[in-house]
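Here's the letter readout for the chains.
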Amino acid sequence: MKEFRHTVIYHTDCALPLYDEVDVLVCGGGPAGIAAASIAARQGRSVLLVERLGFLGGAAVAGGSGTVCGTFLCSDTPEADGPRQTVFGFTEEFLQAMRARGGVTPPQLYGKTYLITHDPQVYKEVAEELVLGAGAGILYHTNIFGVIKEGDFFYGVVIDTKSGLAQIRAKVLIDATGDADLIYRAGGGYTMGDNGTIQNPTAMFRLGGVDTARFSDYWGPDTISPDCVTDLLHEANRQGWHLPRVKVWVFPTPRPGELLMNTTLLTGRDGRALNVCNPEDHTEAEIVGRRQVQEYARFFREQIPGCEHSFINDCSPEVGVRQTRSIRGIARLTNDDVAHARKRSDGICRCPWPIELHAGETPYLFWLINDYYEVPYGSLVPETGEHLLVAGRNLCAEHQALASCRVTAQCFEYGHAAALAADLSIRRDLPLRELSGAEIRARMNENGARLD
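Residues numbered from 1 in each chain as written. Predicted model: local features only at pLDDT ≥ 70, side-chain atom pairs only at ≥ 80, totals over all residues. Heavy atoms only, no water.

Participant: Any chance you could explain the overall build of the chain here in plain terms?
Facilitator: Assigned secondary structure in the chain consists of twelve helices and 21 strands. The C-alpha atoms of the chain give a radius of gyration of 21 Å, which matches the 22 Å a tight globule of 452 residues would have. Once local pairs closer than 6 in sequence are excluded, the contacts in the chain between residues at least 24 apart make up 74%. Taken as a whole, the chain presents about 17000 Å² of accessible surface, with 48% of it coming from carbon and sulfur. In the chain, which carries 43 positive and 56 negative side-chain charges, the distance between the mean positions of the two groups comes to 1 Å. (Helix = DSSP H or I, 4+ residues; strand = E, 2+ residues; numbered from the N terminus. Rg over C-alpha atoms; globule rule 2.2 N^0.38 Å. Contact = heavy atoms within 4.5 Å. Areas by Shrake-Rupley, 256 points an atom, 1.4 Å probe, with all protein chains shown as cover. Lys, Arg positive; Asp, Glu negative; His and termini not counted. Charge placed at Lys NZ, Arg CZ, Asp CG, Glu CD.)

Participant: Looking at this model, I keep getting lost on empty space enclosed by the protein. Mind explaining?
Facilitator: Any space left empty among the atoms is revealed by the rolling of a water-sized probe across them. Within the structure shown, the criterion is met by two cavities of 30 Å³ or more. In this structure, the largest cavity occupies an estimated 50 Å³ of space. For the largest cavity, the full set of lining residues is T86, V87, F88, I348, C349, R350, E413, M444, A449, R450 and L451. Looking at which element gives the most residues to the lining of the largest cavity, the answer is strand β17 (residues 347–351), with three residues. What the second largest cavity holds in volume is close to 40 Å³. Split into classes, the residues belonging to the lining of the second largest cavity amount to five nonpolar, two polar and three charged. (1 Å grid on protein atoms, 1.4 Å probe; cavity = no way out; pocket = protein on both sides within 12 Å on 5 of 7 lines; lining within 4 Å. Points joined across faces, edges and corners; volume = space filled by probe spheres on them. Nonpolar A, V, L, I, M, F, W, Y, C, P; charged D, E, K, R; others polar.)

Participant: Is there a simple way to explain the pairing of strand β14 (residues 259–262) in this structure?
Facilitator: Each regular strand displays side chains that alternate between the two surfaces of the sheet. Alternating positions in β14 separate into two faces, L259 and M261 on one and L260 and N262 on the other, with burial throughout. The sheet contact formed by strand β12 (residues 205–208) and β14 spans three bridges and is antiparallel. For R206, the partnering residue across the bridge sits in β14 and is L260. Taking the residues that link successive antiparallel strands as the turn, the strand β13 (residues 249–252)-β14 hairpin has six residues, and the phi of G257 there is positive, at about 70°. (Buried < 20%, exposed > 50% of the residue type's maximum accessible area, 1.4 Å probe, protein only. Pairing = 2+ DSSP bridges.)

Participant: I keep staring at the domain arrangement of the chain and nothing clicks. Help me out?
Facilitator: The parts lose accessible area when they come together, and the size of an interface is often stated as this lost area. Its domain assignment divides the chain into domain 1 (9–196 + 323–447) and domain 2 (205–315). Both faces combined, the contact of domain 1 with domain 2 buries some 1900 Å², and carbon together with sulfur accounts for 65% of it. In this assembly, domain 1 and domain 2 are joined by one salt bridge. Here D119 makes a salt bridge to R255, at a shortest N to O gap of 3.0 Å. The interface formed by domain 1 and domain 2 includes six residue pairs in polar contact (both at pLDDT 80 or more). Elements that contribute at least two residues to the side of domain 1 that touches domain 2 include exactly β5 (108–110), β6 (113–117) and α4 (120–134). Partitioned by chemical class, the residues of the side of domain 1 that touches domain 2 number eight nonpolar, 16 polar and six charged. (Domains from an automatic or database assignment. Buried area = accessible area lost by both parts, 1.4 Å probe. Salt bridge = Lys/Arg side-chain N within 4 Å of Asp/Glu carboxyl O. Polar contact = N/O pair within 3.5 Å; in protein donor to acceptor, adjacent residues only side chain to side chain.)

Participant: What am I meant to see in the packing of aromatic side chains here?
Facilitator: Remark: the centre distance and the inter-plane angle together describe each pair of aromatic rings, the angle taken between the planes. Per the counting criterion, the structure on display carries 15 aromatic pairs. Of the aromatic side chains, those joined through ring pairs into one cluster are F215, W219, W241, F299 and F300. Here the basic side chain of R325 rests over the ring of Y190, its NZ or CZ set 5.8 Å away from the ring centre. Its end group placed over the ring of Y372, K343 keeps NZ or CZ at 4.7 Å from the ring centre. (Phe/Tyr/Trp six-rings, centres within 6.5 Å; stacked < 30°, edge-to-face > 60°. Lys NZ or Arg CZ within 6 Å of the ring centre and 35° of its normal.)

Participant: Would you take a moment to explain helix α7 (residues 227–238) for this structure?
Facilitator: At 3.6 residues per turn, the α-helix brings residues three or four places apart onto the same side. Counted at 1.5 Å a residue, the expected span for α7 with its twelve residues is 16 Å, and the 17 Å between its end C-alpha atoms agrees. Listing the buried residues of α7 in full gives V229, T230, L233 and A236. Along α7, the residues classed as buried sweep out an arc of 120° about the axis, all on the same side. The exposed set on the far side of α7, more than 90 degrees from its buried face, consists of D227 and R238. Its buried side turned inward, α7 meets α6 (212–219) and α8 (279–303). (Expected span 1.5 Å × (residues − 1). Arc of directions from axis to C-beta.)

Participant: Would you mind going over helix α3 (residues 89–100) with me for this structure?
Facilitator: In this model, α3 (twelve residues) spans 17 Å end to end at C-alpha, consistent with the 16 Å of a helix rising 1.5 Å per residue. Among the residues making up α3, those that are buried are G89, F90, T91, E92, F94, L95 and M98. The secondary structure elements touched by the buried residues of α3 are α1 (31–42), β4 (67–68), β6, α4 and α11 (408–428). Looking one or two places after α3, you find G102, whose phi comes out positive at around 70°.

Participant: Mind showing me how you'd approach the sheet that holds β5 here?
Facilitator: Backbone-to-backbone hydrogen bonds join strands into a sheet, with any given pair of strands oriented parallel or antiparallel. Reading across the sheet, the three strands line up as β4-β6-β5 and stay open at both edges, with antiparallel pairing between neighbours. The open sheet terminates on both sides in strands that have one partner only, identified here as β4 and β5.

Participant: I tried to follow the environment of N237 on my own but got confused; where do I start?
Facilitator: Within the secondary structure, N237 is located in helix α7. What N237 contacts, discounting residues up to four positions off in sequence, is H242, L243 and V246. In terms of polar contacts, N237 uses its side chain to reach the backbone amide nitrogen of L243, at 2.9 Å.

Participant: Explain the nonpolar core to me, please; I cannot follow it from the model alone.
Facilitator: Where a protein is soluble and globular, its nonpolar side chains tend to be buried together. Counting residues in each nonpolar core, the largest one holds 112 residues, and the members touching the most others are L25, F94 and Y414. Broken down by element, the residue count for this core peaks at eleven residues, all from α11. A domain split of this core shows at least three residues from each of domain 1 (9–196 + 323–447) and domain 2 (205–315). W241, Y296, A297 and F299 belong to the second-largest nonpolar core, a separate cluster that totals 30 residues. (Core = buried A, V, L, I, M, F, W, Y, C linked by side-chain atoms within 4.5 Å.)

Participant: Quick question: what am I supposed to make of the sheet that holds strand β15 (residues 311–315) here?
Facilitator: Taken together, four strands build an open sheet; the order of strands is β13-β14-β12-β15 and the sheet is antiparallel. This sheet does not close on itself; its edge strands, each paired only once, are β13 and β15. Within this sheet the neighbouring strands show an average axis-to-axis angle of 30°, counted without direction. Across four bridges, β12 lies against β15 in antiparallel orientation. The residue of β15 that forms the bridge with G208 is F311. Across the face of the sheet, α8 comes into contact with β12, β13, β14 and β15 while running at roughly 30° to β12. (Axes fitted to C-alpha atoms, helices over the stretch in contact; angles between N-to-C directions.)

Written out as structure tokens, the structure is:
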């Protein structure tokens, strides 16, 4: 694996052209970035959201994850109990806007809980309208090249565009890249999974031309594959197919005749785990992923009732990423916090989602039955560095804890919390690390988070 320089620091005397100067700069337009930009602008702050692609949504859209997970409690009798929502706030606002356009399904059974599948085109439209409607600006097709920093203080970023490099200055920066890119560019502290072992990426795709009624009759109500399908996958592999994951998840979508396919398991062709922060691994994941998509689509077409005339309707623009860098924060969400459903006065988000580890042919699931834990505000605050927060899956969390807290509903709420913290920090001229997590929680409740 080739070595790359990772620290790119400019100082405040940087002579690059000034693109903009704002109160809050949000880097990354996934769920956390969407929420952060929208909420910060509603506080009256000048806000700019910088996104490397030409649309918002991050892994939920570009990575094709296609679902909103983490909203409902788990249960040993989920069909009897039904979906029981426990995460609200910006998550509920976004879902309501999606429902108004027919862009989401009703809750679907997923093992011992429920999730919602969305239409990616509607997601893009709703996200953009919420951000712009709040008064924030958006800058698409823009990469973060470096950071502007003096000592421990962040003052902005250097962006890379088709027109060249420029700088953006801000009072508070929110790293919603998912990969802790700002911390990385600044040479800050981070961890990578379990001593470097991270969860596998996945190539998501959509299967069109499906007789969904016949498919559902065969598959059953649970979106996790029944044992008979696992048996078929094992048998196909014995016959020479290449289907490395034998417990697969398939979701009806808001579009007629379409299924969202979470089936692939991406490792290097030499068997190694792929770290998409490395461009060689990222490239290999894309190539391996497309080949697996074709193989799984053929399997469903030949083996699964209702899919006889199906076709690959859409393949995600990039592989779906579950885990890369996690910051070293002033607080850390631990595996025990999750396993024992820890509540806390500075909790800024509830999470009822199971520990969902993707490694090997069968994903590991640890369910939180009729309960949830709370994520501390300090997990968004880096251990060193002022004027900077993170929001999204790059928060400070242990490996198994991250396998639970990384999902969409929680990322919305991390962005929600980060925006309110940014506003308080600017309003009071206080360091982000000195803010009260309990006060941020109270402000989130005023915004409909229902944490108490």
